[in-house]
Structure formats: structure tokens, C-alpha cells
Amino acid sequence: MASKQITIKLIKSPAGRLQRHRACVRGLGLRRMHHTVSVADTPENRGMINKIVDMLAIEES
């Protein structure tokens, strides 16, 4: 069974943010501005996304 995926794009810079916010960006696999990744829809990923929701563009599929 394939798990549901969430596509996220980093639209604001993590520079000058809290260290734990920068860690969430890296934990989600985002490396630079306007980088897009697909991650599994798990509670762990949802928690990281909710921490930095103002920095992301989110697309559920």
C-alpha cells in the first residue's frame, strides 16, 4: 500500500530563524529556496511542517 505524499516547497529563507526551525527545514529534505520535495504524510513530517508552515507552500496529493 502506497502512503499518501505531501509536496512542499521552501518559499522563505531559514536565515535568521531559530535553530530548531532550520533543523525542521533540513529534516524535511529542503536544501535551498524554491526547492520542492515530496515527503510521506506521517505524524512526524506533519509536526515539522506545522512548525514552519509560514515558510512553506504545501500541496497535498
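Residues numbered from 1 in each chain as written. Predicted model: local features only at pLDDT ≥ 70, side-chain atom pairs only at ≥ 80, totals over all residues. Heavy atoms only, no water.

Q: Break down the sheet that holds strand S3 (residues 56-60) for me, with residues and values.
A: Read across the sheet, 3 strands follow the order S2-S1-S3 without closing on themselves; strand pairing throughout is antiparallel. Edge positions in the sheet fall to strand S2 (36-40) and S3, since each has one partner strand and no second. The sheet shows a mean angle of 25 degrees between the axes of neighbouring strands, direction not considered. Two elements, strand S1 (residues 5-10) and S2, share 5 bridges in a ladder whose sense is antiparallel. Bridging from a neighbouring strand, threonine 7 pairs with serine 38 of S2. (Pairing = 2+ DSSP bridges. Helix = DSSP H or I, 4+ residues; strand = E, 2+ residues; numbered from the N terminus. Axes fitted to C-alpha atoms, helices over the stretch in contact; angles between N-to-C directions.)

Q: Lay out unusual backbone geometry with the relevant residues and their values.
A: Even without a glycine there, the phi angle at histidine 34 is positive, about 65 degrees. Mapped onto the secondary structure, histidine 34 falls in the loop between helix H1 (19-27) and S2.

Q: Summarise the nonpolar core; cite the residues concerned and give the values.
A: Counting residues in each nonpolar core, the largest one holds 13 residues, and the members touching the most others are Ile8, Leu28, Leu30, Ile52 and Leu56. Every element with two or more residues in this core is listed here: S1, H1 and S2. Looking at this core, the element that brings in the most residues is S1, giving 3 residues. Sequence-distant contacts of isoleucine 52, defined by excluding residues within four places in its chain, comprise His21, Cys24, Val25 and Leu28. (Core = buried A, V, L, I, M, F, W, Y, C linked by side-chain atoms within 4.5 Å. Buried < 20%, exposed > 50% of the residue type's maximum accessible area, 1.4 Å probe, protein only. Contact = heavy atoms within 4.5 Å.)

Q: Describe the side chain of asparagine 45, with residues and values.
A: Along the polypeptide, asparagine 45 turns up in helix H2 (residues 43-51). Classification of asparagine 45 as buried rests on a relative accessible area of 15%. From its side chain, asparagine 45 meets the backbone oxygen of alanine 40 in a polar contact 2.9 Å long. Not counting chain neighbours up to four residues away, the residues in contact with asparagine 45 comprise Leu28, Val39 and Ala40. (Polar contact = N/O pair within 3.5 Å; in protein donor to acceptor, adjacent residues only side chain to side chain.)

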